[in-house]
Amino acid sequence: MLMDENFMQAALAQANLALGRTSPNPAVGAVVVQAGQLVGRGHTQPPGQAHAEVMALREAGDLARGATLYVTLEPCTIWGRTPPCTDAIIAAGIREVVIAARDPNPRFEHDAASVLQAAGILVRFDQAAEAAAIAQTEAFRHWIVTKQPFVTVKYAMSLDGKIATRTGDARWISGPASRQKVHELRDQTDAILVGINTVLADDPLLTTRLAQHWRPVQHPLRIVLDARGRMPASAAMLADQVPGTTIIATTAAASAEWRASISNAEILELPSNSEGRVALDALLRELGQRDISSLLVEGGGETIAAFLAMQAVQKLQVVIAPKIIGGVAPSPVGGVGIARMNEAQLWQWSASEQVGADMWLTAYPNPQ
Ligand code: AOF
Ligand code: ZN
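Treat the numbers as computed from the prediction; the structure is a model and nothing was measured.

## Here we look at the UniProt feature "binding site: NADP(+)" (unreviewed entry) in the protein
Okay, step 1: Under the feature "binding site: NADP(+)" (unreviewed entry), the UniProt entry names Ala156, Trp172, Thr198, Asp202, Gly300, Gly301, Glu302, Thr303, Ile304, Ala305 and Ala306. Considering the C-alpha atoms alone, the annotated residues occupy 151 residues of sequence and remain spread out, their largest mutual distance being 24.4 Å.
Okay, step 2: Its place among the elements puts Gly301 in helix α11 (residues 301–309).
Okay, step 3: Those residues in contact with Gly301 that lie beyond four places of it in its chain are Ile163, Pro330, Ser331, Pro332, Val333 and Gly334.
Okay, step 4: One can find Ile304 in helix α11.
Okay, step 5: The class for Ile304 is buried, based on 24 C-beta atoms found within 10 Å.
Okay, step 6: Here Ile304 is in contact with Val153, Tyr155, Val297, Gly299, Pro332, Val333 and Gly334, once residues within four sequence places are set aside.

## Examining the environment of Lys162
Okay, step 1: With respect to the helices and strands, the residue Lys162 is situated in the loop between β6 (150–158) and α7 (176–187).
Okay, step 2: For Lys162 and Ala329, which are 167 residues apart along the polypeptide, the C-alpha to C-alpha distance reads 6.2 Å.
Okay, step 3: Residues contacting Lys162, with those up to four places away along its chain left out, are Met157, Ile325, Ala329, Pro330 and Ser331.

## Focus: the packing of helix α2 (residues 52–60) against helix α3 (residues 85–92)
Two measures define how a pair of helices packs: the angle their axes make with one another and the distance between the axes.
Okay, step 1: Direction vectors running N to C along α2 and α3 enclose 20°, while the axes themselves pass 9 Å from each other. As far as their axial angle goes, α3 and α2 are roughly parallel. Between α2 and α3 lies a crossing whose hand is left-handed. On α3, the residues touching Glu53, Val54 and Leu57 of α2 are Cys85, Ala88, Ile89 and Ala92.

Conventions used here
- Residues numbered from 1 in each chain as written.
- Chains lettered and ligands numbered in written order.
- Predicted model: local features only at pLDDT ≥ 70, side-chain atom pairs only at ≥ 80, totals over all residues.
- UniProt positions renumbered as here; feature names shortened; annotations may be inferred.
- Helix = DSSP H or I, 4+ residues; strand = E, 2+ residues; numbered from the N terminus.
- Contact = placed C-beta atoms within 7 Å.
- Buried ≥ 20, exposed ≤ 12 C-beta atoms within 10 Å, placed from the backbone.
- Axes fitted to C-alpha atoms, helices over the stretch in contact; angles between N-to-C directions.
- Parallel < 35°, antiparallel > 145°, perpendicular 65-115°, else oblique.
- Left-handed = near helix turned anticlockwise from the far one by under 90°.

Structure below.
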């Protein structure tokens, strides 16, 4: 007979199938186990459709009676777009529920454990699986509390901390395996953002390009920060045949002529900050209201510096290529920079992984 942890692993694997396809809902996985046999599995469907528990219970059918349900996130206890999962669990006759992580949704009046226990169902928390379940739902956990997207900043730099040579050549710092992984990140992210300087320098497409993929790829919403309206109408990403949608975030400083020249993009006028740039707090609020729960900031240096300066970055994905560039060349974070070491923003490592020849480091803000 399989043990607890294997069943929760199966539930986490189910959740992985839904990663990036349920936003702003969390990607959750569930399995139903009857007498040591896995008899139902499910993962969250797109918003408005069934939650993971309901999918797993459906597959289990009558075998759910007296069974154990393993679920990566605390089942919902409220009516959202769908009925409460706790009702479905009770109606199916489940005997025991094992939960990996709590749901921070502030709309929950009662937690699932008390609702299920009141109906005579046993409830356990699987602490060994909690960290993995939290990692799978980190964007949702931020959005549901702040109503703003979870911001990940990603950059690739050389071993000596540069993002281009002294002449500005940047193709490519990271290797092919890393560049594929960036497309996997895009595939799981609601929106991707760059500054206008990156568009003018690189003319990027910002689409998801994965040669072989186990599911149809997703193209994130593209956002360009362009306070004064400098985006060329001929930009590659605005071409008719390019999949995905583009928003140009601008301010009142953008001219009527420029606005009229742009097609295939939404022009979103936002307040400007004291430097005449797009007010990022206003942008994040607007995106959150549009149910964008995750945002990937891909550069350049000034844009990354602006997000960091506002403490609006929840996660860093740093790719280090084993190459030395040397000289006076740009680095990943622009801006004026700090004068004294004790003013440095503090981060903490979470993970490191070698991808092809490169090293991927993940860091989160250091709360101290
Ligand atoms: C679950 N199982 O698979 C997910 C849950 O509008 P609704 O009805 O889809 O509810 C959305 C809320 O349900 C969402 O904000 C989060 O708290 C929870 N997500 N809950 O029991 C699931 N995806
Ligand atoms: Zn639910």
